[in-house]
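Residue-level structure breakdown
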Amino acid sequence: MRTDGPQQIMKLPQLWLNQDINVYPDADSDARITISNVKEAELRLARFAPLLMELFPELVASQGIIESELIELPSIAGIDNINGRYGKFWDKADHALPIAGSIKARGGIHEVLEFAESLARRHGLLDSSNDYCQLSSSTSRSLFSQYEVSVGSTGNLGLSIGIMSAALGFRATVHMSAEAKQWKKDRLRRHGVTVVEYSGDYAQAVEAGRQRASADPHSYFVDDEQSHSLFMGYAVAAFRLQAQLKSANVKVDAEHPLFVYLPCGVGGAPAGVTFGLKHIFGKAVHCFFVEPTTSPCFLAQMQNPDRPGITVYDVGLDNVTEADGLAVPAASALAIKEMRPLLSGIATTADDTLFADLAWLHDQENIRIEPSAAAAFSGPRMVLGSEAGRSYLSQQGLLPHMQQANHIVWTTGGLFVPDDEYAGFLDRGRSVIRKQAKPQAHPGVNNS
Ligand SMILES: *Cc1c(COP(=O)(O)O)cnc(C)c1O
């Protein structure tokens, strides 16, 4: 047994680079996720599209497909992109994803649909026409009502699982950790979802939910720490983004590097996206996660491969952050394993910076996001402006190509934030910006 503790992580914004990138483990016998699993998920979402259109009128315009826009951003706070020296910036606008209002719409909804599909097949609810609208019939709904779908959540995963499950007629239960916002609980209850509240952290809410579901054969638990189905659903975003880049005439190759910055909680959502993008673009895409300085669980686990299950408490941090979607003490083991050879690095960011970026984005671009989503903006500042970032660009031979680079900040949530809550976010962000307008400014890029 070891007696030495892990190295503590400083509560300061930093950029960590993954030295194991491109080092692939020997083939192991564990079932790994493959790109054909991701294709299956994409096809499943397409099969359900007509039903989703019927259940959610807001999906009629997109023919039942849940997807967000890719929006060009003229600038990013704290980055002096004179003459486009760093290339172009884009926002992948998952903050506006319908139904769930966050990136969880992809993974969470996919897993509920996969469960519904397997029940439907087992019980012969789909005839040879294979028309999925049959799953809104009273026969289907009465079968689904015999089952419970449950999940542990800090908020957004609960919204996606709860709302989709309830819409199909399942009994839905969401186990919510202490940082879950009241409005997210209220929204779920309005949709007929049972919300169970815990005073503990996210890992405890997940464990409690897992235990309760395991005792009930009619209960299906969506396990954020281990689910392949969630991961596959998240990864579908990569194919969608590939098509969007193509129609925006954005090239991605060795001379046109693509950088993608993703807020990270347990790591499932950003890892799914990264898994898909690395499959498509290989070494031409560089994916960075961003975590709160107080809650960098993915960083702690990547830095300590010999300590599986390490928490942010073990490295001297308290997991207290206003970024409720990222307030997670321990990373998903599945995501860690998949990311070891693929992830470029991890940036951490302070809560004040999240609010400043949220307010900046509102005032400059009229885009409305939640604090967790704002974490993405610290990615490009760190990669383009820090010592570590520059050393990454130089090691990877990217410096000559930066004018042709593209940077995507993935704004992961925000659609349903109530107005009064959002007004509070804006106030705090604007006051941070005012304070920082003094000399040292945004923790920005210096362009010397
Ligand atoms: C859940 C969430 C994330 C991160 O997803 P994980 O799978 O937990 O890493 C990022 N942003 C928002 C808004 C989220 O709700």
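Reading guide: rules and limits
- Residues numbered from 1 in each chain as written.
- Predicted model: local features only at pLDDT ≥ 70, side-chain atom pairs only at ≥ 80, totals over all residues.
- Heavy atoms only, no water.
- Pairing = 2+ DSSP bridges.
- Helix = DSSP H or I, 4+ residues; strand = E, 2+ residues; numbered from the N terminus.
- Axes fitted to C-alpha atoms, helices over the stretch in contact; angles between N-to-C directions.
- Contact = heavy atoms within 4.5 Å.
- Near = heavy atom within 4 Å.
- Polar contact = N/O pair within 3.5 Å; in protein donor to acceptor, adjacent residues only side chain to side chain.
- Areas by Shrake-Rupley, 256 points an atom, 1.4 Å probe, with all protein chains shown as cover.
- UniProt positions renumbered as here; feature names shortened; annotations may be inferred.
- Buried < 20%, exposed > 50% of the residue type's maximum accessible area, 1.4 Å probe, protein only.
- Phe/Tyr/Trp six-rings, centres within 6.5 Å; stacked < 30°, edge-to-face > 60°.
- Lys NZ or Arg CZ within 6 Å of the ring centre and 35° of its normal.
- Parallel < 35°, antiparallel > 145°, perpendicular 65-115°, else oblique.
- Nonpolar A, V, L, I, M, F, W, Y, C, P; charged D, E, K, R; others polar.
- Disulfide = S-S within 2.5 Å.
- Expected span 1.5 Å × (residues − 1).
- Arc of directions from axis to C-beta.
- Salt bridge = Lys/Arg side-chain N within 4 Å of Asp/Glu carboxyl O.

**Description of the sheet that holds strand β1 (residues 15-17)**
An order of β1-β10-β9-β8-β11-β3-β2 is seen for the 7 strands of this open sheet, with the pairing classed as mixed. One side of each edge strand has no neighbouring strand; the edge strands of this open sheet are β1 and β2 (70-73). Ignoring which end each strand starts from, the neighbouring axes of this sheet average 25 degrees apart. By the bridge criterion, 5 bridges tie strand β3 (residues 88-92) to strand β11 (residues 406-410) in an arrangement that is parallel. Pairing of W90 across the sheet is with I408, part of β11. Seen against the sheet, helix α7 (residues 228-247) touches β2, β3, β8 (258-263) and β11 and runs at an angle of roughly 135 degrees to β11. Helix-sheet contacts for helix α13 (residues 378-385) involve β1, β3, β8, β9 (285-292), β10 (345-349) and β11, and the interaxial angle to β8 is about 130 degrees.

**What about the site of the ligand?**
Of all residues adjacent to the ligand, which total 16 residues, the nearest are K104, N156, G265, G267 and T412. In the model, an oxygen atom of the ligand is placed 2.7 Å from a nitrogen or oxygen of the K104 side chain. Within the backbone of V266, a nitrogen or oxygen atom sits 3.0 Å from an oxygen atom of the ligand. Burial of the ligand by the surrounding chains reaches 98%, relative to a free accessible area of 380 Å².

**Observations regarding the UniProt feature "domain: Tryptophan synthase beta chain-like PALP" (unreviewed entry) in the chain**
With numbering aligned to this structure, UniProt lists the feature "domain: Tryptophan synthase beta chain-like PALP" (unreviewed entry) at residues 62-380. Across residues 62-380 one finds 41% helix and 15% strand; the C-alpha atoms that close the span lie 31 Å apart.

**Focus on the UniProt feature "modified residue: N6-(pyridoxal phosphate)lysine" (unreviewed entry) in the chain**
When the UniProt feature table is mapped onto this chain numbering, "modified residue: N6-(pyridoxal phosphate)lysine" (unreviewed entry) sits at K104. Considering the arrangement of structural elements, one finds K104 in helix α2 (residues 104-122). Take K104: its relative accessible area is 14%, and that puts it in the buried class. Beyond its immediate chain neighbours, meaning those up to four positions away, K104 contacts I109, N156, L157, S160 and Y234.

**A word on the packing of aromatic side chains**
Under the defined criterion, the tally for this structure stands at 11 aromatic pairs. Over the aromatic face of F416 sits the side chain of R187, whose NZ or CZ is 3.6 Å from the ring centroid. In this structure, R368 packs its charged tip against the face of Y422, placed 4.4 Å from the ring centre.

**Some words on the packing of helix α1 (residues 35-55) against α7**
Running from N to C, α1 and α7 cross one another at 85 degrees; their axes reach a closest spacing of 8 Å. Accordingly, the angle class assigned to the pair α1 and α7 is roughly perpendicular. Two secondary-structure elements touch here, α1 through I35, N37, V38, K39, E40, A41, E42, R44 and L45 and α7 through M232, G233, A235, V236, F239 and R240. Tallied by class, the residues present in the contact of α1 with α7 amount to 8 nonpolar, 2 polar and 5 charged.

**Some details on the pairing of β10**
Within β10, 5 of the 5 residues are buried, which leaves it mostly tucked inside the rest of the structure. Of the two faces of β10, the one carrying G345, A347 and T349 and the one carrying I346 and T348 are both buried. Relative to β10, β1 is paired through 3 bridges, and the arrangement is antiparallel. Paired with W16 across the bridge in β10 is I346. Of the pairings in the sheet, the one linking β9 to β10 comprises 5 bridges and is parallel in character. Looking across to β10, one finds that V290 is bridged to A347.

**A closer look at unusual backbone geometry**
Non-glycine residue N22 carries a positive phi angle of around 70 degrees. With respect to the helices and strands, the residue N22 is situated in the loop between β1 and α1.

**Re the environment of R240**
Summarising the element assignment, R240 is placed in helix α7. Of the residues examined, R240 reaches a relative accessible area of 14% and is grouped as buried. Separated by 172 residues in the primary sequence, R240 and S68 have C-alpha atoms spaced 9.1 Å apart. Discounting residues that sit within four places of it in the chain, R240 has contacts with E42, L45, I65, I66 and E67.

**Quick notes on the state of the cysteines**
Every disulfide links exactly two cysteines, by a covalent bond between their sulfur atoms. The tally for this structure, following the rule as stated, stands at 0 disulfides. Of all cysteine sulfurs, the one in C264 lies closest to C297, which takes part in no disulfide; the gap is 5.6 Å.

**Comments concerning helix α15 (residues 419-436)**
Each full turn of the α-helix corresponds to 3.6 residues, which orients residues three or four apart in the same direction. Spanning 18 residues, α15 covers 26 Å between terminal C-alpha atoms, matching the ideal 26 Å at 1.5 Å per step. Of the residues making up α15, those classed as buried are Y422, F425, L426, G429 and V432. Each buried residue of α15 sits inside an arc of 130 degrees when the element is viewed along its axis, so together they form one side. Those residues of α15 that are exposed and aimed more than 90 degrees away from the buried face are D420, D427, R434 and K435.

**A look at the pattern of salt bridges**
Across all of its chains, the model carries 20 salt bridges by this definition. Its salt-bridge partner being D419, residue R368 comes within 3.0 Å of it at the nearest N-O pair. Here the residue R368 occupies a position in the loop between α11 (351-365) and α12 (371-374), and D419 occupies one in helix α15, the gap between them amounting to 51 residues. On the basis of relative accessibility, which here comes to 29%, the residue R368 falls in the partly exposed class. Ionic contacts of the salt-bridge type, sharing partners, join the residues E67, K92, D94, R106 and R240 into one network.

**Description of the sheet that holds strand β5 (residues 171-176)**
Taken together, the 4 strands give an open sheet; going across it, the order is β6-β5-β4-β7, and neighbouring strands pair in parallel fashion. Edge positions in the open sheet fall to β6 (194-197) and β7 (219-222), since each of these has one partner strand only. Shown here is a sheet whose adjacent strand axes are inclined to one another by a mean of 20 degrees, direction ignored. Here β5 pairs with β6 via 4 bridges, running parallel. Each bridged residue has a counterpart across the sheet, and for V174 the counterpart in β6 is V195. Its contacts with the sheet put α2 on β4 (148-153) and β7, and the angle it makes with β7 is roughly 150 degrees.

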